[in-house]
Amino acid sequence: ETGVTQTPRHLVMGMTNKKSLKCEQHLGHNAMYWYKQSAKKPLELMFVYNFKEQTENNSVPSRFSPECPNSSHLFLHLHTLQPEDSALYLCASSPRTGGEKLFFGSGTQLSVL
Amino acid sequence: TQLLEQSPQFLSIQEGENLTVYCNSSSVFSSLQWYRQEPGEGPVLLVTVVTGGEVKKLKRLTFQFGDARKDSSLHITAAQTGDTGLYLCAGAPKTSYDKVIFGPGTSLSVIP
């Protein structure tokens, strides 16, 4: 138990669907992150939030839309995804940006059909 | 592009053997972290190294940060089946401190 909870654990969606991934951290951290992990590729940083303000968008397509209503919750809204977006999506938090100590959730395994 | 490279990509060894995995970059890092990831789970932080030349020990695991702060190694003594997993190094380059990047990982399999 890392203190970071992600739901759902698994998601299958069609290319025309709209879905959302949820992340909640109970660690009192100020920074939250979305990472994408594909087979045979390193973890890719997608978004960084610090005190619920977005500080980094790593050239992510607009079909991925993050939302951070407060420092404890982070969402990733998905719409009109492509099959190549199938991956493990990991949420992480850290006491501050700079991310020397990232605490990850278990991830959402996403399959786009 | 600032990259972290890891070697070997895959490693399969017998229980009780020793091993070393490496993490290298052309960039200078203020710190490097090592994580272990098991199938179906997120990475779990093992250690952070901060000072050039620093050596940290975590039971049978020994971590070293290069003098120039561009590389790191992880040595496991007398590997056990519970050490099986994907070992990832990560760090924030000094030029972009809030963008933590990850290496591709070393997939370790320890066979009984």
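Residues numbered from 1 in each chain as written. Chains lettered and ligands numbered in written order. Predicted model: local features only at pLDDT ≥ 70, side-chain atom pairs only at ≥ 80, totals over all residues. Heavy atoms only, no water.

Trainee: Just checking my understanding: could you explain the packing of aromatic side chains for this structure?
Mentor: Within this structure, the stated rule accounts for 8 aromatic pairs over all chains. Here the aromatic rings of Tyr35(A) and Phe102(B) are separated by 5.4 Å at their centres, their planes lie at 85°, and the arrangement is edge-to-face. Of this pair, Tyr35(A) sits in strand 4 (residues 31-37) while Phe102(B) sits in strand 10 (residues 101-102), each in a different chain. Note on accessibility: Tyr35(A) and Phe102(B) belong to one class, buried. Both rings, one in Trp34(B) and one in Phe63(B), keep their centres 6.5 Å apart while their planes meet at 45°; by these two values the pair is tilted. Of this pair, Trp34(B) sits in strand 4 (residues 29-37) while Phe63(B) sits in strand 7 (residues 61-65), placing them 29 residues apart in sequence. Exposure class is identical for Trp34(B) and Phe63(B). Each is buried. Through successive ring pairs, a cluster of aromatic residues spans Tyr33(A), Tyr35(A), Phe104(A), Tyr35(B) and Phe102(B). (Phe/Tyr/Trp six-rings, centres within 6.5 Å; stacked < 30°, edge-to-face > 60°. Helix = DSSP H or I, 4+ residues; strand = E, 2+ residues; numbered from the N terminus. Buried < 20%, exposed > 50% of the residue type's maximum accessible area, 1.4 Å probe, protein only.)

Trainee: Hey, could you run me through the sheet that holds strand 1 (residues 4-7) of chain A in this one?
Mentor: The pairing of strands in a sheet happens through backbone hydrogen bonds and is either parallel or antiparallel. Residues and elements named next belong to chain A. Judged by pairing direction, the sheet is antiparallel, and its 4 strands sit side by side in the order 1-3-8-7 without closing on themselves. With one partner strand each, in any of the chains shown, strand 1 and strand 7 (64-70) form the two edges of the open sheet. Averaged over all adjacent pairs, the angle separating strand axes in this sheet is 15°, with direction ignored. Pairing between strand 7 and strand 8 (residues 73-79): 5 bridges, direction antiparallel. The residue of strand 8 that forms the bridge with Asn70 is His73. (Pairing = 2+ DSSP bridges. Axes fitted to C-alpha atoms, helices over the stretch in contact; angles between N-to-C directions.)

Trainee: Would you take a moment to explain unusual backbone geometry for this structure?
Mentor: A negative phi angle is the norm for most residues apart from glycine, just as the trans form is the norm for most peptide bonds. In this structure, Pro8(A) follows Thr7(A) across a cis peptide bond, with omega equal to -10°. With respect to the secondary-structure elements, Pro8(A) resides in the loop between strand 1 and strand 2 (10-13). Residues Ser7(B) and Pro8(B) are joined by a peptide bond in cis, for which omega reads -10°. Relative to the helices and strands, Pro8(B) is located in the loop between strand 1 (5-7) and strand 2 (10-14). The phi torsion at Ala78(B) lies on the positive side, around 50°, for a residue other than glycine. By secondary structure assignment, the location of Ala78(B) is in the loop between strand 8 (71-76) and strand 9 (85-93). You can call Ala78(B) partly exposed: its relative accessible area is 32%.

This is a description of form; function is not addressed.
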